[in-house]
2 protein chains.
Amino acid sequence: MGIADRKLKEKEELKALILQAAKKLFVTQGVEQTTIRKIASEIDYSVGTVYVYYKDKNDILHDLHTQGFKQLSSEMRVLFNVANPMERLMALGRVYLQFAFENSDMYNLMFNLKAPIEFLDSINKEEWNEGKGTFDVLKTTVKECLDKGHFKGHELEPLSFAIWGAVHGMASLHISQRIKGVNVSNPDSMVNRGYEAFSLMLEKV
Amino acid sequence: MGIADRKLKEKEELKALILQAAKKLFVTQGVEQTTIRKIASEIDYSVGTVYVYYKDKNDILHDLHTQGFKQLSSEMRVLFNVANPMERLMALGRVYLQFAFENSDMYNLMFNLKAPIEFLDSINKEEWNEGKGTFDVLKTTVKECLDKGHFKGHELEPLSFAIWGAVHGMASLHISQRIKGVNVSNPDSMVNRGYEAFSLMLEKV
DNA sequence: CAAATATAATGAACATTGTTCAATAAAAAT
DNA sequence: ATTTTTATTGAACAATGTTCATTATATTTG
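Residues numbered from 1 in each chain as written. Chains lettered and ligands numbered in written order. Predicted model: local features only at pLDDT ≥ 70, side-chain atom pairs only at ≥ 80, totals over all residues. Heavy atoms only, no water.

**A closer look at the protein's contact with DNA strand D**
- In the vicinity of DNA strand D, 21 residues are found, and the nearest of them are Thr 49 and Tyr 53 of chain A together with Arg 6, Arg 37 and Tyr 51 of chain B.
- Here Ser 46 of chain A contributes a backbone N or O atom positioned 3.0 Å from a phosphate oxygen of DNA strand D.
- Taken together, the elements giving at least two residues each to the surface near DNA strand D come down to helix H1 (2-33) and helix H3 (47-53) of chain A together with helix H1 (2-33), helix H2 (36-42) and helix H3 (47-53) of chain B.
- At 4 residues, the largest contribution of residues to the surface near DNA strand D is made by H3 of chain A.
- Class assignment for the residues of the surface near DNA strand D results in 8 nonpolar, 5 polar and 8 charged. (Near = heavy atom within 4 Å. Polar contact = N/O pair within 3.5 Å; in protein donor to acceptor, adjacent residues only side chain to side chain. Helix = DSSP H or I, 4+ residues; strand = E, 2+ residues; numbered from the N terminus. Nonpolar A, V, L, I, M, F, W, Y, C, P; charged D, E, K, R; others polar.)

**Considering the domain arrangement of chain A**
Residue and element names in this part refer to chain A.
- Domain boundaries in chain A define domain 1 (1-54) and domain 2 (57-204).
- Once you take the C-alpha centre of each, domain 1 and domain 2 turn out to be 29 Å apart.
- Between domain 1 and domain 2, the residue contacts involve 13 residues of the former and 11 residues of the latter.
- When domain 1 packs against domain 2, the two sides together hide about 1200 Å² of surface, and 74% of this comes from carbon and sulfur.
- Among the residues of domain 1 in contact with domain 2, Leu 19, Phe 26 and Tyr 54 are the three that bury the most area, contributing 47% of the side total.
- At the boundary of domain 1 and domain 2, one finds 0 salt bridges.
- Taken together, the connections running from domain 1 to domain 2 amount to 4 residue pairs in polar contact (both at pLDDT 80 or more).
- Sorting the residues of the side of domain 1 that touches domain 2 by element identifies H1 and helix H2 (36-42) as the ones contributing at least two each. (Domains from an automatic or database assignment. Contact = heavy atoms within 4.5 Å. Buried area = accessible area lost by both parts, 1.4 Å probe. Salt bridge = Lys/Arg side-chain N within 4 Å of Asp/Glu carboxyl O.)

**Things to note about the pattern of salt bridges**
Residue and element names in this part refer to chain A.
- Under the definition given, this model contains 19 salt bridges over all chains.
- A salt bridge links Glu 144 to Arg 88; the shortest N-O distance between them is 3.0 Å. Of this pair, Glu 144 sits in helix H8 (residues 129-147) while Arg 88 is found in helix H5 (residues 85-102), placing the two residues 56 residues apart along the sequence.
- By relative accessible area, which is 30% here, Glu 144 ends up partly exposed. (Buried < 20%, exposed > 50% of the residue type's maximum accessible area, 1.4 Å probe, protein only.)

See the structure below:
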């Protein structure tokens, strides 16, 4: 079985090489500029080869989105040490926002663009494990807050979702450049000040 | 000046006709399917004519986005009668969410897609009057709440932005289909329950 | 009213995209 | 050495946004 194994390994390596080239293009030039031809030429393979290893462009973008979630997860994992759940919750939001700011194209792919979900649909997979895992981290933290007596009168899931929505919304408005242009004193710091206002709300509940 | 006036009117009419065709395609088939060729064929004009009246596709999409804001504004205007600012604030959120649900492609164009902002950039216009107007309605209502003693310890702009972000975020997560797939009991009602949780937070502050 | 000018509309042509697939090359099995 | 299997190729296709010389129409002028 030596040959079959080697071939399998080689296939994995080439697929990884394609993804690496795709990521380089994606990070530096965005989604639209990440074309199959550019990916192929980047690694000196033909267009057709890319389609041997990936079903279509959505497949590649889904793989990229998964990589993004791995990075976000590892950045959130650092906060597992924080014992106080309220403190951890606030820090989670900051880490999340920072990720969105520093990797805006990737964030957009992960949470706004259709491509990754369209790919899941195309292979009849209704689960979105990447999102699920991240949301579970939030839910667990909110649960601990509730157990400690915070957020009186709130249910776990709706509250968790509202928190996710608030942070996601502020990040998205920044990324889609909808803040500058709106009549606001200091657009660049708006997300941070908005998050502080939101934190203040959470603390008072 | 009779002829010049008539010509001006005819030009406006044809431009409106193009926009109307574009809107029909946009509403029924989404952004990508709203192609210049389809728009032209819809009104029995050639492709080139569309480009006489609109600079490019972003120009058309920007015009569509403006129409969306007109509709949203008129739906929000109904609530100007509500005297109690807190009550009006809650209702504004509901109207906003309902608009996003019932016109998701349009909402996405208005608040998420690059096209309208790219168009503004291309004509060196840094103002975004549509968004500004809508945000001002929110800000005014929040201001009245503050004046009545609500939201103690909060600043107007950050709080208003956080509220906008929360509602926008929940709407966007719904539209980008990021809710189903996440491990949640009833995905379809999640936005409504999330907004109730958020409202509860606001009331307690 | 006829000719000249100005305005409007046209659609073929271009570049770029994702995608396919018969043909070729390389590797493995016989 | 031959056959079979596997891997790679890149030309070709359809669809897109966009341009622009050409044609048609309308207006102005002499």
